[in-house]
Amino acid sequence: MLINMGIILREAKRERFGVIAPSTFDGESIRACFDAAVELRAPIIINAGGSLDMGFIADVVKFFSNKFTELPVALNLDHGKSFEAAANAIRLGFTSVMIDYSTLNFEENVRGTCEVVRMAHAVGVSVEAELGHVGRGEDYETDRSSYLTRAEEVVEFVKRTDVDCLAIAIGNAHGHYVGKPELDIERLKSINSVTSIPLVLHGGSSTGDKNLKDAVANGIAKINIGTDLSVAGANAIRDKVNGADSTAKLREVIITGFEGYKNELKRYLRLLGSANRW
Ligand SMILES: [Zn+2]
């Protein structure tokens, strides 16, 4: 059933497991997410954003959630950049929106997030915001510590905005890291001690299994994974077309690619304790 993301994450935080939010980009990636979640009986968050055809994404997610009625699933706009983008996603049937004003100053972030929360909550849709700023893995060695989230700001931000969950920067980065990923678990602990809302880790790919498990043990309830799934799928295709199946047809190649994506997703679902939760 397609539900509000806050419901899924509050339970995950209470039960101390991590819900995976895989990056999806077409019908086949969404199918792979539903198959993985159903096979492992894991709740899941379909993440979609950027320049995708959001109406198509919403229709495909509705199709699969009507097929698998027992599965707790949320459809979340990833990195929504404006009030209009959030409103459009809600109109299309998204059950959650992220509003990312993390590059603005604190007051502007609060103000913009409040506007979206008011609209979204009026129609039962949850909101994720970002405080501090999660950068890119390729810049990791040069600017990893410039925009880390501060616990004292979290208290005020959550109180003033009433967001359902919050993406934080604790040494994580989008994409693959240049250098060794190091999460500031002490910072996470201090943030988690001042707020009860579920916390979100963007840039889960290649952060390392132990780092991710430590993060979940200390208040992270949602982990965004994109790059690792995409790379696993692309590698599966390379192995197939460079190996004995070098004459494979388009459909076989596509199926192989999304099997690779799905298997990597299942590895993360098991790793962070999502399996057998419904
Ligand atoms: Zn992100």
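In this report, we go over the structure that sits alongside the text. This one's a predicted model, so the numbers in the text were calculated from it and none came from an experiment. (Residues numbered from 1 in each chain as written. Predicted model: local features only at pLDDT ≥ 70, side-chain atom pairs only at ≥ 80, totals over all residues. Heavy atoms only, no water.)

### Focus on the coordination of the zinc ion
Let me state the cut-off plainly: The rule for donors is simple: an N, O or S atom within 2.8 Å of the metal counts, and for Na, K and Ca the reach is 3.2 Å. Water is not among the atoms, so a site may look short of donors. Helix and strand assignments follow DSSP, with helices taken as H or I runs no shorter than four residues and strands as E runs no shorter than two, numbered in order from the N terminus. When accessible area is computed with a 1.4 Å probe and restricted to protein chains, residues below 20% of their type maximum are described as buried, those above 50% as exposed, and intermediate ones as partly exposed.
Of the protein atoms, only His 79 (NE2), His 174 (NE2) and His 202 (ND1) coordinate the zinc ion, at distances of 2.0 Å. Here the donor residues of the zinc ion are spaced in sequence according to H-x94-H-x27-H. In this pair, His 79 sits in strand β3 (residues 73–80) while His 202 sits in the loop between β7 (199–201) and α9 (209–217), placing the two residues 123 residues apart along the sequence. In this structure His 79 comes out as partly exposed when scored by relative accessible area, which is 22%. By relative accessible area, His 202 is classed as buried at 1%.

### Comments concerning the packing of helix α2 (residues 27–40) against helix α11 (residues 250–271)
Convention followed: For every element, the axis is a line fit to its C-alpha atoms; helices are fit only across the contacting stretch, and the angle between N-to-C directions ranges from 0 to 180 degrees. Angle categories: roughly parallel below 35 degrees, roughly antiparallel above 145, roughly perpendicular from 65 to 115, and oblique for all the rest. By the definition used in this description, the sense in which the near helix is turned from the far one sets the handedness, with an anticlockwise turn below a right angle giving left-handed and a clockwise turn giving right-handed. In what follows, a contact means two residues having at least one pair of non-hydrogen atoms within 4.5 Å. Ten residues, namely Ala, Val, Leu, Ile, Met, Phe, Trp, Tyr, Cys and Pro, are considered nonpolar, four, namely Asp, Glu, Lys and Arg, are considered charged, and the remaining ones, Gly among them, are considered polar.
It is at 9 Å that the axes of α2 and α11 come closest, and there the two elements cross at 45 degrees. Regarding the angle of α2 to α11, the classification is oblique. For the pair α2 and α11, the sense of crossing is right-handed. Residues Glu 28, Ser 29, Ala 32, Cys 33, Asp 35, Ala 36, Ala 37, Glu 39 and Leu 40 of α2 form the contact with α11, whose participating residues are Ile 254, Phe 258, Tyr 261, Lys 262, Leu 265, Lys 266, Leu 269 and Arg 270. Grouping the constituent residues of the contact of α2 with α11 by class yields 10 nonpolar, one polar and six charged.

### Details of the nonpolar core
What counts here: Here, nonpolar core means buried Ala, Val, Leu, Ile, Met, Phe, Trp, Tyr and Cys residues that are tied together by side-chain atoms lying within 4.5 Å of each other.
In terms of nonpolar packing, the biggest core is built from 69 residues, with Phe 34, Ile 46, Phe 94, Val 97 and Leu 166 touching the most fellow members. The dominant element in this core, judged by the number of residues it contributes, is α2, at seven residues. Discounting residues that sit within four places of it in the chain, Phe 94 has contacts with Ala 48, Met 54, Ile 57, Ala 58, Leu 75, Asn 76, Leu 77, Ala 89 and Val 125. Core analysis: the next-biggest nonpolar cluster, separate from the first, contains 15 residues, Ile 3, Ala 12, Cys 165 and Ala 167 among them.

### Observations concerning unusual backbone geometry
Here the phi dihedral of Asp 162 falls at roughly 60 degrees; this positive angle occurs in a residue that is not glycine. Following the sequence through the fold, Asp 162 ends up in the loop between α7 (151–161) and β6 (165–168). Exposure remark for Asp 162: the relative accessible area of 48% places this residue in the partly exposed category.

### Quick word on the packing of aromatic side chains
The condition that has to hold: Note on aromatic pairs: the rings of Phe, Tyr and Trp (six-membered ring only in Trp) are paired at centre separations within 6.5 Å, and the planes decide the class, stacked below 30 degrees, edge-to-face beyond 60, tilted for the rest. In this scheme, the term charge over a ring applies when either NZ of a lysine or CZ of an arginine sits within 6 Å of the ring centre and within 35 degrees of the ring normal.
Considering all chains together, one arrives at eight aromatic pairs under this definition. Ring centres of Phe 25 and Tyr 261 lie 6.4 Å apart, and the angle between their planes is 80 degrees; on these two criteria the pair is classed as edge-to-face. Residue Phe 25 is found in the loop between β1 (19–22) and α2, and its partner Tyr 261 is found in helix α11; the two are separated by 236 residues along the sequence. Residue class for Tyr 261 comes out buried when judged on its relative accessible area of 2%. A cation sits over an aromatic face here: Arg 267 above Tyr 268, 4.7 Å from the ring centre.

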